[in-house]
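Given next are the chains, with one letter for each unit.
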Amino acid sequence: MAKIHLEVLSEQEIDAIHDGTLQILRDTGVMVHHDEALELLRQAGADVQQDTKIAKLPERLVADSIEQAGKKYVLYGRNPERTARFGYGDFVLMGSPGQYSWIDTDSGNRRLATRNDTNEAIKLGDALGNITIVGSMAQPREISEAWRDVYLTGELVKGTGKPTRCWIKNEKTAGYVLEIYRAIAGGPKALREKPMVEAFLEPISPLQLPKDGLDIVREFARAGQPVSIGPMAMTSGTAPATLAATLAQENAEILAGVVVTQLFAPGTAITYGGIPHIMDPRTSICSFGSPEQGLMAVAMVQMAKYYGFPVYVNVCLTDAKVPDAQAGTEKGTSLLLAVLASADTFGHCGICGTDHAGSLVWLALDHEIMDYVRRVARGFEVDTGMVAADVVSKVGPGGNFLAEEHTVRHFRNELWLAGPAWTRQSWDGWAASGGLSMADRLTEQVKQILSSHEAEPLEDGLIKEVDSIVKAAEKELGPESKG
């Protein structure tokens, strides 16, 4: 069976982007808002201008850092059989690490997110089979931002056996978050041997590495946790007006992050986050669903594979505000492009519009789209048995194949059997069952899961230990917000 494989860049075009990247890093450099990182870069041979915080990176340093970085890793849930594997050819879907606004499941209205939204999102993420990493999805207004990520991490590890993720605020909260994962793993050594969480570094386009992001990377990498690096350069906004130039700048920002990460902790495993966007020229708003985003995602997969890294791309996203035809077109097309290009992980699931809100219905929709796309990516076998000329001859003209042993043996594996979120009914059957849209059916499915699903429980002793860490973070970092 031939594997479907998609590319948009030739070898010469990959070389051109790589060469442009090296020129940017060597001649322009990156602004590094972190004193320790600047000193490490200077010691490693970079040309560091202390007054401007600009570091110009020689080609040899970039190449050595790429070679030194880990290229594969596994994230473990508190159930060690629930894993997310990067660099192994798996498809990894992650729930959003957190949105400030929320689409209410009952009313469809947008409002501020709450703790209950987080708890429901964790339960749903635990239940949906295509969601590999459960994100906190919501940024609950009742909890102060000063320690919210610690609270969310506690809720995540209590609420699911899968790998988990939320946005980390700074170095102080990173310490508490790691303390929770060490408690679940069984200590620092156990967490190092079986990582449970990755740091996310978002360089600020154009060409800046932020202090808080590097503080978090340093803490996580030195604790043996992998690092994902993903700038969001915007074509014609925070990056040049051509896709090729955007790719070169984005690549430079990622590789600068790789260099600093390896200086903090040599051998740290990396995911290459090629997640550029375009700025819509009419509205000046970042677009999540443009056709260019899908094209750049495929190109970013090729660049990541050129260096040997697993890759994260921003696809299965949309600019639509409701689950309509625009949403299906933008989400399905971009996800299919990235899957056929062999990306490892794909955007953050459960997002409405351009980070306009989180939603349980959108999370369920992303799960369903991945199910569909997986079937396309699998392809189909062709051999004598699968061509089955003998079965056709046996049935002959005018017959049917319903009762044939060949049909019984193959149809479940050969055909994608759509779940209850999809309709394949007759018109009359669909109308008689309520004439529901896919969004309506997904809403019903979400409510059914929330009413019936129970995640595997965390043992009482660990619950108390996690809660005590969260309480300590609250006491040190700030009181509960009255939101």
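Here the structure is a predicted model, which means the values were calculated and not measured.

A. A look at empty space enclosed by the protein. In the structure shown here, the tally under the stated rule is two cavities of 30 Å³ or more. Lining the largest cavity, in full, are Phe86, Met94, Arg165, Glu198, Phe200, Ser228, Thr271, Tyr312, Thr345, Gly347 and His348. When its volume is computed, the second largest cavity comes out at roughly 40 Å³. Lining the second largest cavity, in full, are Tyr76, Gly77, Arg78, Val157, Thr160, Lys162, Pro163, Thr164, Tyr181 and Met196. Class assignment of the residues belonging to the lining of the second largest cavity gives a composition of five nonpolar, three polar and two charged.

B. Main features of helix α10 (residues 291-307). Taking 1.5 Å of rise per residue, the 17 residues of α10 would be expected to cover 24 Å, and the 25 Å separating its terminal C-alpha atoms lies within 8% of that figure. Within α10, 12 of the 17 residues are buried, which leaves it mostly tucked inside the rest of the structure. Those residues of α10 not exposed but buried are Gln293, Gly294, Met296, Ala297, Val298, Ala299, Met300, Val301, Gln302, Met303, Ala304 and Tyr307. Following α10 by one or two positions, Gly308 has its phi on the positive side, about 95°.

C. Local environment of the packing of helix α6 (residues 171-185) against helix α8 (residues 211-222). Axis separation between α6 and α8 bottoms out at 9 Å; the angle between their running directions is 25°. By the angle between their directions, the pair α6 and α8 is classed as roughly parallel. Handedness of the crossing formed by α6 with α8: right-handed. Here Glu171, Ala174, Val177 and Leu178 of α6 come into contact with α8, specifically with Asp215, Ile216, Arg218, Glu219 and Phe220. Partitioning the contact of α6 with α8 into residue classes produces five nonpolar, no polar and four charged.

D. The arrangement of the sheet that holds strand β12 (residues 227-229) in detail. In space, the five strands of this open sheet follow the order β10-β12-β14-β17-β18, with parallel pairing throughout. In this open sheet, the two strands that pair with only one neighbour each are β10 (199-201) and β18 (345-346). Note that strand β17 (residues 311-313) and β18 share two bridges and pair parallel. What sits directly across from Tyr312, in β18, is Thr345. Relative to the sheet, α10 contacts β14 (270-274) and β17, its axis offset from that of β17 by approximately 165°.

E. Structural context of a negative patch on the surface. Negative charge collects at one region of the surface, where Glu7, Glu11, Asp15, Asp19 and Glu59 lie side by side. Top element by residues in the negative patch is helix α1 (residues 11-28). It accounts for three residues. Here Glu7 is to be found in the segment before α1.

F. Examining the side chain of Arg78 more closely. When you line up the elements, Arg78 lands in the loop between β4 (73-76) and β5 (83-86). Despite being buried, Arg78 has no salt bridge partner; Glu456 is the closest side chain of opposite charge, sitting 4.5 Å away. Of note is the side chain of Arg78, whose polar atom sits 2.5 Å from the backbone oxygen of Val157. Not counting residues up to four positions away in its chain, the partners in contact with Arg78 are Val157, Lys158, Gly159, Thr160, Gly161, Lys162, Ile184, Met196, Glu456, Pro457 and Leu458.

Cut-offs used in this document
Residues numbered from 1 in each chain as written. Predicted model: local features only at pLDDT ≥ 70, side-chain atom pairs only at ≥ 80, totals over all residues. Heavy atoms only, no water. 1 Å grid on protein atoms, 1.4 Å probe; cavity = no way out; pocket = protein on both sides within 12 Å on 5 of 7 lines; lining within 4 Å. Points joined across faces, edges and corners; volume = space filled by probe spheres on them. Nonpolar A, V, L, I, M, F, W, Y, C, P; charged D, E, K, R; others polar. Helix = DSSP H or I, 4+ residues; strand = E, 2+ residues; numbered from the N terminus. Expected span 1.5 Å × (residues − 1). Buried < 20%, exposed > 50% of the residue type's maximum accessible area, 1.4 Å probe, protein only. Axes fitted to C-alpha atoms, helices over the stretch in contact; angles between N-to-C directions. Parallel < 35°, antiparallel > 145°, perpendicular 65-115°, else oblique. Left-handed = near helix turned anticlockwise from the far one by under 90°. Contact = heavy atoms within 4.5 Å. Pairing = 2+ DSSP bridges. Patch = residues over 30% accessible without salt bridge, like charges linked within 9 Å, V, L, I, M, F, W, Y side chains within 5 Å. Areas by Shrake-Rupley, 256 points an atom, 1.4 Å probe, with all protein chains shown as cover. Salt bridge = Lys/Arg side-chain N within 4 Å of Asp/Glu carboxyl O. Lys, Arg positive; Asp, Glu negative; His and termini not counted. Charge placed at Lys NZ, Arg CZ, Asp CG, Glu CD. Polar contact = N/O pair within 3.5 Å; in protein donor to acceptor, adjacent residues only side chain to side chain.

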